[in-house]
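# Understanding the architecture of this molecule
Listed here are the chains, written in short residue letters.
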Amino acid sequence: MTAKLPELKPERPFFSSGPTVKFPGWSLDRLKTESLGRSHRSAVGKARLKYAIDLSKEMLGVPEDYLVGIMPASDTGALECAMWTMLGTGPATVAAWESFGNVWIQDAVKQLKLLQLTTLDADYGHIPDLSAIPQDNDVVFTWNGTTSGARIPDTDWLEPGRKGVTINDATSAIFAQEMDWPKLDATTYSWQKVMGSEAQHGMLILSPKAVDRIESYDPEWPLPKLFRLKKGGKINRSIFEGATINTPSLLATEDYIAALEWAKSIGGRKAMFERAYANAKIVTDWIEATPWLRNMVPDPAQRTNTGVCFVFQGDWYENLSPDEQAAVPKKIAAMLDERDVGYDFNGYRDAPPSLRIWCGGTVEQEDLKRLLPWIEWAYDQVKSGA
């Protein structure tokens, strides 16, 4: 049966996995402006940065004795800062199951050249055997695979009080999935993922164990200014009080604050979790009911509730050449972009040919429900050669 041209379009056709859609009701008028045009080291500038830190800590339920700081260069800068300042004292394992995790492997192998290094990886949609990681090892992992839709189902593989430090890239999970803080030593994320804020700034959350590692260890490699967290041999706590390492965008800061205040107004992180799970269920149920699609992640326990990724199947698709298969999701995404139905939901460039729909808490359920029939229509158009 040929899919009919749908009548309704999403009111907000933004389904990118980062930067993601702004929260419902967002407008520039929602942003406070008294910090703009001021030094980030002025009283008002520093106060707004500190407020962003404090509100983040409150919203995420971060333990009181953990430090939270704003870092340059988004999640990448925060994560690499953690790797550069903490790894190298002993054995380490870097685990990856999608493209960004593989970047951290390359950092460990080619840049830091760690001598006692083990790498674990898995194909898109799968997660390696994390229980094989020795508890003495430092470990770097990605909580939620932004480009594969695979997430860790639990933290049972991390023992309480383990010797090694855990470095957690949580950028597409935090504010959508609960973090197991007692088992996490360095956690990083960016504003432009689940909160739908402006990009370029990242967050670094450090446990007391991480602080001790940083203070007691001086890496052999040089540290650029952007990674220097110590002053006089001790952690520079002013970084975690709003005195950023380099100049931040106060406009982006105000945008992040507005998103945090919106999330708090609807019930905080628990409400954000509920919204993301409800959104993801709409998409995953549709995938299960659509014979020519399958979730990229076969294990339901490992499926994300943010960037849901799915691939094509069936005789027609499987009889296409690899180039023709790769063209299918591109054509669908382009057709719906042209009609202002859905933007930026083609799969990641290094992933298998796929589509990826963002389901984080700033997305509205009705917009997802309206998008899916359009994908069915576009698929029929591509299949028929229209």
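So, a few notes on the structure that sits alongside this text.

What counts and how
- Residues numbered from 1 in each chain as written.
- Predicted model: local features only at pLDDT ≥ 70, side-chain atom pairs only at ≥ 80, totals over all residues.
- Heavy atoms only, no water.
- Helix = DSSP H or I, 4+ residues; strand = E, 2+ residues; numbered from the N terminus.
- Rg over C-alpha atoms; globule rule 2.2 N^0.38 Å.
- Buried < 20%, exposed > 50% of the residue type's maximum accessible area, 1.4 Å probe, protein only.
- Contact = heavy atoms within 4.5 Å.
- Areas by Shrake-Rupley, 256 points an atom, 1.4 Å probe, with all protein chains shown as cover.
- Lys, Arg positive; Asp, Glu negative; His and termini not counted.
- Charge placed at Lys NZ, Arg CZ, Asp CG, Glu CD.
- Pairing = 2+ DSSP bridges.
- Core = buried A, V, L, I, M, F, W, Y, C linked by side-chain atoms within 4.5 Å.
- Axes fitted to C-alpha atoms, helices over the stretch in contact; angles between N-to-C directions.
- Disulfide = S-S within 2.5 Å.
- Phe/Tyr/Trp six-rings, centres within 6.5 Å; stacked < 30°, edge-to-face > 60°.

When helices and strands are counted, the protein shows nine helices and 12 strands. For a compact globule of 386 residues, the expected C-alpha radius of gyration is about 21 Å, and the protein comes in at 21 Å, within 12% of that figure. Its C-alpha atoms give the protein principal-axis dimensions of about 70 × 50 × 30 Å. For the protein, the proportion of its 386 residues judged to be buried stands at 59%. When contacts within the protein are restricted to residue pairs at least 6 apart in sequence, long-range pairs at least 24 apart make up 72% of them. When the accessible area of the protein is evaluated, it comes to approximately 16300 Å², of which 50% is carbon and sulfur surface. With 42 positive and 51 negative side-chain charges, the protein shows a separation of 5 Å between the mean positions of the two kinds.

Further remarks concern the pairing of strand β2 (residues 92-96). Here is the key point about a regular strand: its side chains alternate between the two faces of the sheet. For β2, a buried count of five out of five residues is recorded, marking the element as mostly surrounded by other parts of the structure. Alternating residues of β2 divide into Ala 92, Val 94 and Ala 96 and Thr 93 and Ala 95, and every residue in both groups is buried. Direction of pairing for β2 relative to strand β3 (residues 117-121): parallel, over a ladder of five bridges. For Ala 96, the partnering residue across the bridge sits in β3 and is Asp 121. Where β2 and strand β4 (residues 138-142) come together, three bridges link them in parallel fashion. Of the residues in β4, the one forming a bridge with Thr 93 is Val 139.

Core analysis: the largest hydrophobic core is formed by 86 residues, its most contacted members being Phe 141, Phe 175, Ile 332, Phe 345, Ile 357 and Ile 375. Sequence-distant contacts of Ile 357, defined by excluding residues within four places in its chain, comprise Phe 15, Val 283, Thr 306, Gly 307, Val 308, Phe 310, Phe 345, Leu 368, Leu 371, Leu 372 and Ile 375. In terms of nonpolar packing, the next biggest core, distinct from the first, is built from 34 residues, Cys 81, Val 94, Ile 105 and Tyr 217 among them.

Further remarks concern the sheet that holds strand β7 (residues 201-206). Strand order in the open sheet formed by seven strands is β1-β7-β6-β5-β4-β2-β3, and the pairing between neighbours is mixed. Lying at the two open borders of the sheet, with one neighbouring strand each, are β1 (67-72) and β3. On average, each strand axis in the sheet is tilted by 15° relative to the strand beside it, whichever way the strands run. As paired strands, strand β6 (residues 186-190) and β7 are joined by five bridges and run antiparallel to one another. By the bridge assignment, Thr 188 is partnered in β7 with Leu 204. On top of the sheet, helix α1 (residues 43-60) reaches β1, β6 and β7; it is set at about 125° to β1, its chief contact.

A few words now on the state of the cysteines. Considering all chains together, one arrives at zero disulfides under this definition. As a non-bridged cysteine, Cys 309 has Cys 359 as the owner of its nearest cysteine sulfur, 9.8 Å distant.

Glancing now at the packing of aromatic side chains. All told, the structure shown has 16 aromatic pairs when counted by the stated rule. Geometrically, the ring pair formed by Phe 175 and Tyr 189 is edge-to-face, given 5.8 Å between the ring centres and 85° between the ring planes. One end of the pair, Phe 175, is in the loop between β5 (166-169) and β6; the other, Tyr 189, is in strand β6, and 14 residues separate them in sequence. The pair formed by Phe 175 and Tyr 189 is uniform in burial state, with each residue classed as buried. Arranged with centres 5.5 Å apart and planes meeting at 35°, the rings of Phe 312 and Tyr 317 form a pair that is tilted.

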